[in-house]
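One letter stands for each residue in the lines below.
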Amino acid sequence: MFDLVIKNGKIVTAEHSYHADIGIFGEQIAAIGTGLSGRREVDAAGKLITPGAIDIHVHLEMPIGNFVSTDDFFTGTRAAAFGGTTAIVDFVETQPAETMLDALAARQSLADARATIDYGLHMTIGPADIAKLNQLAAVADAGCPSFKIYMAYGLRLHDGELLQALQAIRRVGGLPVVHAENWDVITTLMQQHLARGNTTPHWHPRSRPELTEGEAAGRVIDLAEFVGVPVHIFHVGCQSVVARIADARRRGLPVTGETCPQYLLVDDSVYDRPGVAGALPVCAPPIRPRPEQENMWRALADDHLQLVTTDHCPFTPAEKATGLDDFSKIPGGVPGIEARFPLLYTFGVRAGHFSENRWVDVACTTPARMLGFARKGHIAVGYDADLVIFDPEKTVTISPETLHESAGWTLYDGMTVRGYPAMTLSRGEILVEDGAFLRQPGRGNFVARRIQ
Ligand code: DUC
Ligand code: ZN
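Every value quoted in this text rests on a predicted model; they were computed, and no experiment measured them.

S.K.: I would appreciate a short explanation of the sheet that holds strand E6 (residues 38-43) in the present structure.
M.R.: Strand pairs in the sheet, formed through backbone hydrogen bonds, run parallel or antiparallel to each other. Spatially, the 4 strands line up as an open sheet ordered E5-E4-E1-E6, and their pairing is mixed. Taken across any chain shown, the strands that pair with only one partner, and hence form the sheet edges, are strand E5 (28-33) and E6. For this sheet, the mean angle separating the axes of adjacent strands, direction not counted, is 20°.

Structure, rendered in structure tokens:
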């Protein structure tokens, strides 16, 4: 007798799809078979059962400049759960006078109080952390074996620092995850545009041309090859980066990349919207011209890119408006934590870009495997019962009102998806059912990850 049995659904994994019941005991999947019975039974006839989706790139209540991203660990993880995401990876930044382990503990206690789904953390290596690289082994042992490196912004590493960081990550068997943009070229182009009076968001993507992404990605891939460490490229939005990742992979290098819904579904005309509407989509790397969308879909289908994240980093319209007379001051980032999984189903699977199995692969299974979530991202006995009962016929028109994110706006406003979670489970508990969120803040656990 199981605690919960999900009956009659079609189980979709990264490898195949098949009909079976799932028996859940406690927090885990205890059986997969036919004719299972439990204390509670959910009829999933006509529905897909997928692993809970995993978003390995989100920024919740993250300080950036004078602002803090507007979803906290409660509202952000609740929104994630509504959309079928049952695990995230957020970030830790260490203050100059702090140890990395102290910074990790502080971020964990913030998240532990509020998270509703399980989470991991990437440790950021900024310039002040180059003196602390001997702390990486302890950080990896504490369950954070992935390390964020910026090649842009104030936290960027110069090439010599980048080399040292990659060497230190290699020594601890970790994974560098990299924001790749050429900051010197970007800041020079920004200054040139602003000096000519080109101050509107229209000039944001023109200050960050494809070259700045492609060159930086190529540089860190070359350095990672030299050092002998894998590397994962964050938020890829254009073919010049895909080409470098694909070339490295053809040469057998352990190089991977992700893209995000904003690069798959939106084009750079959004920066020409009047007033604050043109400032809302400011994010980095910027959203590209329309042909790049097709390039990103193809890269996912061809396994030149391996996964989809959101880079969820929301700011309110009022915060975005503070940069209306100088695009370089607009806080960068867009919301997206909630709708990623259904958007990928409608515009990826239904539109014929890839199969339902590849959908599960890029949103659930590969993120779990690559980032070291040992018991998530797959449906098999012994895995956490993090599951989505996905209704492939449920139609939702996305808007700030249908979402639960707190930014108050969404890039996907007005897009209609066919296919949406009907129920989301985390470690055997029903989080979302019939549009209602059923659990309290703080039930989410930190997951100590190990990278194989
Ligand atoms: N890009 C953004 O636009 N915001 C948050 C961090 C990032 O890489
Ligand atoms: Zn990010």
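That covers the picture; the talk isn't over yet.
S.K.: I'm lost on the sheet that holds strand E17 (residues 307-308) in this one. Help?
M.R.: Read from one edge to the other, the open sheet built from 8 strands follows the order E8-E11-E12-E13-E14-E15-E16-E17, with strand pairing classed as parallel. Because the sheet does not close on itself, it has two edges, and the strands there are strand E8 (53-55) and E17. Where strand E14 (residues 175-179) and strand E15 (residues 231-233) come together, 2 bridges link them in parallel fashion. Looking at E15, one finds that Val178 is bridged to Ile233. Each of E14, E15 and strand E16 (255-259) touches helix H7 (residues 210-227); the most contacted strand, E15, lies at about 170° to it.

S.K.: In this structure, what is going on with the pattern of salt bridges? I would like to understand it.
M.R.: Proximity of charged atoms lets side chains of opposite charge pair with each other. The full count for this structure, using the stated rule, is 29 salt bridges. Between Arg39 and Asp3 there is a salt bridge, and its shortest N-O distance comes to 2.5 Å. Of the two residues, Arg39 sits in strand E6 while Asp3 sits in strand E1 (residues 2-7), which places them 36 residues apart along the sequence. Across the salt bridge formed by Lys10 and Glu356, the nearest N and O atoms sit 2.9 Å from each other. Within this pair, whereas Lys10 is found in strand E2 (residues 10-12), its partner Glu356 is found in helix H14 (residues 356-371), the two being separated by 346 residues in sequence. A residue is classified by how much of its surface remains accessible, and Lys10, at 22% relative accessible area, is partly exposed. Because the salt bridges share partners, they merge into one network encompassing Glu27, Asp118, Arg375, Lys376, Asp384, Asp386 and Arg427.

S.K.: I'm lost on the packing of aromatic side chains in this one. Help?
M.R.: Pairs of aromatic rings are described using the distance from one ring centre to the other and the angle between the two planes. Counted under the stated rule, the structure contains 14 aromatic pairs. Arranged with centres 6.1 Å apart and planes meeting at 55°, the rings of Phe73 and Tyr119 form a pair that is tilted. Residue Phe73 is found in helix H1 (residues 73-82), and its partner Tyr119 is found in strand E12 (residues 118-124); the two are separated by 46 residues along the sequence. By the burial criterion, Phe73 is buried, and Tyr119 matches it. Through a chain of ring-to-ring contacts, three or more aromatic side chains come together here, namely Phe341, Tyr345, Trp359 and Phe390.

The rules behind the values
- Residues numbered from 1 in each chain as written.
- Chains lettered and ligands numbered in written order.
- Predicted model: local features only at pLDDT ≥ 70, side-chain atom pairs only at ≥ 80, totals over all residues.
- Heavy atoms only, no water.
- Pairing = 2+ DSSP bridges.
- Helix = DSSP H or I, 4+ residues; strand = E, 2+ residues; numbered from the N terminus.
- Axes fitted to C-alpha atoms, helices over the stretch in contact; angles between N-to-C directions.
- Contact = heavy atoms within 4.5 Å.
- Salt bridge = Lys/Arg side-chain N within 4 Å of Asp/Glu carboxyl O.
- Buried < 20%, exposed > 50% of the residue type's maximum accessible area, 1.4 Å probe, protein only.
- Phe/Tyr/Trp six-rings, centres within 6.5 Å; stacked < 30°, edge-to-face > 60°.

In short, the description is geometric, and any link to function would need to be established separately.
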